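So you can see what is in the structure, the chains are spelled out below.
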Amino acid sequence: MKVHIIGTGLLGTSLGLALTNAGHRVTLEDLSPTAVNLAADMGAGTRENPADPDVVVVAAPPDVCADIIVKALRTWPEATVTDVASVKGAILTKVREQARERELDRYIGSHPMAGREKSGAIAARGDLFSASPWVVCSDEDTPKERLGHITDLAEAVGAAVIHLDPDFHDSSVARVSHAPQVVASLLAAQLRDMPADGIALAGQGLRDTTRIAESDPGLWTQILSGNAAEIRTVLEGLRDDLDAVISALDLGPGAYAALAGALAAGNEGRDRIPGKHGSAPTRYSVVTVVVDDTPGALARLFADIGELGVNIEDMRMDHATGVKLGSVDVSVLPASEIDLISGLRKRGWRLPEAALEHEGTP
């Protein structure tokens, strides 16, 4: 497949790397000569303006995406054109306003549900899309050949294709991506004037909930404005829930039930998030291991777990403040928990007392 990518930021460069590694011919374009030269030097493709690409991928910011899509449709009249912006409805509306009817058959909006809190070509990864959903927004009038081009492209980089209506897509990402970005940013903003001694108490929970607050404000301003109505609906619901919690913190009648109810509702929502590889949520047992902050310590832990014949379903790491120690939470299938605890103890690993109590449990 001959693929031309317009825009060599994180997504465009990552896509170029993945497609090039898969054996496809990739050409690159960007308004910034520095950006396109960097992407090419990284191996994402070549700096060319192709005559006849099979697919053109617009990996540009949402506010300019529609104009570039229409230009691409007219520059390459035989190519299938897609974009990878995280907003679909607003872009489709603008493309319909500018494009000719026969050109619309060659445009199919899409959105890979992959990314990082970092931006730019330098943050690109060739495996960014591996095992991630790739939303394709087509309808019954979309030519099968054109749809096949986009499906083949997504599958070539290891993504799993999901077909969604543009409006449903925008409503969904408002809840699973866009509103979480706002919440993470607002929570992190509460730390700006906090004394350093207080911030030093931060644990993994704060790091987890504010990780995406590192995201590019310029790009996210465009995303939020492009999906404003859906995001507003989510944030209004969140505001109502926050008001209820704030009122309950007055500790009047019914306060404890209201607080517990809010937390329990969070448990229910969290349990609905798909598990490993997009499968149905699975309950895992978590075994916590104390690890020295020294070179090779994690490698030895994972090697020992592998030799015990236990598969790691997930993991997270927490660092102790001011001490060269950390704890690793290893998620495993419940049937493997006791054998893992016993095996790690015999190999000299330190486990908290709560975990040791499980050993020997029938």
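This text follows the structure it describes.
Residues numbered from 1 in each chain as written. Predicted model: local features only at pLDDT ≥ 70, side-chain atom pairs only at ≥ 80, totals over all residues. Heavy atoms only, no water.

## Focus: the state of the cysteines
Working definition of a disulfide: a covalent bond connecting the sulfur atoms of two cysteines. The criterion, for reference: By definition, disulfides here are pairs of cysteine sulfur atoms that lie within 2.5 Å. Burial classes follow relative accessibility: with a 1.4 Å probe on protein chains only, a residue under 20% of its type's maximum area counts as buried, one over 50% as exposed, and anything between as partly exposed.
One pass over the full model with this rule turns up zero disulfides. Of all cysteine sulfurs in the structure, the one in Cys137 sits closest to Cys65, which takes part in no disulfide; the separation is 12 Å. Since its relative accessible area comes to 11%, Cys137 is described here as buried.

## Some remarks on helix H11 (residues 228-248)
Operational definition: The helix count covers DSSP runs of H or I at least four residues long, the strand count covers runs of E at least two residues long, and both are numbered beginning at the N terminus. One less than the residue count of a helix, multiplied by 1.5 Å, gives the span that helix is expected to have. The arc in question is formed by the directions pointing from the helix axis toward the C-beta atoms. In this analysis, two residues are considered to be in contact whenever any of their non-hydrogen atoms come within 4.5 Å of each other.
Taking 1.5 Å of rise per residue, 21 residues should cover 30 Å, and H11 covers 30 Å from first to last C-alpha, within 8% of that figure. Within the sequence span of H11, burial applies to Ile231, Val234 and Ala248. The arc that holds every buried residue of H11, seen down its axis, measures 95 degrees, which confines them to one face. Residues of H11 that are exposed and point more than 90 degrees away from the buried face comprise Ala229, Arg232 and Ile246. Packing partners of the buried residues in H11 comprise helix H7 (166-189), helix H10 (217-226) and helix H12 (255-271).

## Overview of the sheet that holds strand S10 (residues 314-319)
Convention followed: Should DSSP find at least two bridges between two strands, the strands are regarded as paired. The axes are straight lines fitted to the C-alpha atoms, using for helices just the contacting stretch, and the angles between their N-to-C directions are given from 0 to 180°.
Ordered by their spatial adjacency, three strands build an open sheet running S9-S11-S10, and the pairing between neighbours is antiparallel. If you trace the sheet from one side to the other, it starts and ends with strand S9 (285-292) and S10, each paired once. Shown here is a sheet whose adjacent strand axes are inclined to one another by a mean of 20 degrees, direction ignored. Packing of helix H13 (residues 297-307) onto the sheet brings it into contact with S9, S10 and strand S11 (325-332), and relative to S9 it is tilted by some 140 degrees. Contacting S9 and S11, helix H14 (residues 337-346) runs over the sheet at an angle of about 15 degrees to S9.

## A closer look at the nonpolar core
We count it as follows: Residues belong to one nonpolar core when they are buried, are Ala, Val, Leu, Ile, Met, Phe, Trp, Tyr or Cys, and are joined through side-chain atoms within 4.5 Å.
Formed by 31 residues in total, the largest nonpolar core has its most connected members in Leu15 and Trp134. Secondary-structure elements contributing two or more residues to this core are strand S1 (2-6), helix H1 (10-21), strand S2 (25-29), helix H2 (33-41), strand S4 (55-58), strand S7 (133-137) and helix H6 (144-156). In terms of residue count, the dominant contributor to this core is H1 (five residues). Val56, Ala60, Ala79 and Ala99 belong to the second largest nonpolar core, which has 19 residues in total.

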